[in-house]
Amino acid sequence: MLKTLLVIAVGFLPSLFFLWIIRKTQRSRLRMRQAAVNFPAVQGRQNVRPVAGDRYYLEGVGYLIGDISCKFNARSGYIRCAINPEGPCNGCRHYEPKELAGSEKKT
């Protein structure tokens, strides 16, 4: 009789162990989810709104920010360019003038 109870107890141990692990991970996920909800969404971003002189309105596109004559301009109302998304465009060392579609290079 004692051997039978021991076999049954040993048979249930892995299941109980995995149930304990699952419950523990659910608690930790809940804590992580609560921490993510309480974490400030924007941290360290001070310049959320673009400067008024940095915005341009392009018909059919909308407002764009940054130097629209630059090759790397993102043509977006949210980021300036791919290299320096938060700006400023004045004095940017990555500035390259945009090549016009109709212009030909003379060699």
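The rules behind each value
- Residues numbered from 1 in each chain as written.
- Predicted model: local features only at pLDDT ≥ 70, side-chain atom pairs only at ≥ 80, totals over all residues.
- Heavy atoms only, no water.
- Patch = residues over 30% accessible without salt bridge, like charges linked within 9 Å, V, L, I, M, F, W, Y side chains within 5 Å.
- Areas by Shrake-Rupley, 256 points an atom, 1.4 Å probe, with all protein chains shown as cover.
- Salt bridge = Lys/Arg side-chain N within 4 Å of Asp/Glu carboxyl O.
- Lys, Arg positive; Asp, Glu negative; His and termini not counted.
- Charge placed at Lys NZ, Arg CZ, Asp CG, Glu CD.
- Helix = DSSP H or I, 4+ residues; strand = E, 2+ residues; numbered from the N terminus.
- Buried < 20%, exposed > 50% of the residue type's maximum accessible area, 1.4 Å probe, protein only.
- Pairing = 2+ DSSP bridges.
- Phe/Tyr/Trp six-rings, centres within 6.5 Å; stacked < 30°, edge-to-face > 60°.
- pLDDT = per-residue confidence, 0-100.
- Expected span 1.5 Å × (residues − 1).
- Bend = angle between axes of the 7 residues up to and from the residue.

Asks: For this particular structure, what's the right way to read a positive patch on the surface?
Replies: There is a patch of like positive charges on the surface, built from Arg23, Lys24, Arg27 and Arg31. Within the secondary structure layout, Arg23 lies in helix 1 (residues 2-38). The exposed category is assigned to Arg23, whose relative accessible area is 53%.

Asks: Got a minute to help me understand the pairing of strand 2 (residues 62-65) in this structure?
Replies: For a regular strand, the rule is simple: side chains alternate between the two faces of the sheet. As judged from the four bridges shared by strand 1 (residues 55-58) and strand 2, these two strands associate in the antiparallel manner. Across the sheet, residue Arg55 finds its bridge partner in strand 2, namely Ile65. Between strand 1 and strand 2, which pair antiparallel one after the other, the connecting turn spans three residues, and Gly60 there sits at a positive phi close to 85 degrees.

Asks: Just to check I follow, could you spell out the packing of aromatic side chains for this structure?
Replies: Each aromatic ring pair is specified by the distance between its two centres and by the angle formed by the two planes. Counted under the stated rule, the structure contains three aromatic pairs. Measuring from ring centre to ring centre gives 5.7 Å for Phe17 and Phe18, while their planes differ by 65 degrees; the resulting arrangement is edge-to-face. The class for Phe17 is partly exposed, based on a relative accessible area of 44%. Between the aromatic rings of Tyr57 and Tyr63, the centroid separation amounts to 5.2 Å while the plane-to-plane angle is 65 degrees, which identifies the pairing as edge-to-face. According to the relative accessible area criterion, Tyr57 is exposed, its value standing at 51%. Of the residues examined, Tyr63 reaches a relative accessible area of 48% and is grouped as partly exposed. Every member of this aromatic cluster is reached through a ring pair, and the members are Phe17, Phe18 and Trp20.

Asks: Looking at this structure, I do not really get the confidence of the model for the protein chain. What am I missing?
Replies: A low pLDDT score tells you not to read the predicted coordinates there in detail. With 81% of its residues at a pLDDT of 70 or more, the protein chain shows a mean pLDDT of 79. Per-residue pLDDT, averaged within each element of the protein chain, yields its smallest value for strand 1 (79) and its largest for helix 1 (91).

Asks: I would appreciate a short explanation of unusual backbone geometry in the present structure.
Replies: Here Arg75, not a glycine, exhibits a phi torsion of approximately 55 degrees, which is positive. With respect to the secondary-structure elements, Arg75 resides in the segment after strand 2.

Asks: Would you take a moment to explain the pattern of salt bridges for this structure?
Replies: When their charged atoms lie close together, side chains carrying opposite charge are able to pair. The tally for this structure, following the rule as stated, stands at one salt bridge. Lys71 is the partner of Glu96 in a salt bridge, and the nearest nitrogen-oxygen pair spans 3.6 Å. On the criterion of sequence distance, the pair formed by Glu96 in the segment after strand 2 and Lys71 in the segment after strand 2 is long-range, its members being 25 residues apart. Residue classification places Lys71 among the partly exposed positions, given a relative accessible area of 46%.

Asks: How do you make sense of helix 1 when you look at a structure like this?
Replies: Every α-helix winds through 3.6 residues per turn, so residues three or four apart in the chain are directed the same way. Helix length check: helix 1 (37 residues) gives 53 Å between terminal C-alpha atoms against 54 Å at 1.5 Å per residue, within 8%. Along helix 1, the sharpest kink reaches roughly 30 degrees, centred on Leu13 and followed within four residues by the proline Pro14. Burial analysis of helix 1 places just zero of its 37 residues in the buried class, a small minority of the element.

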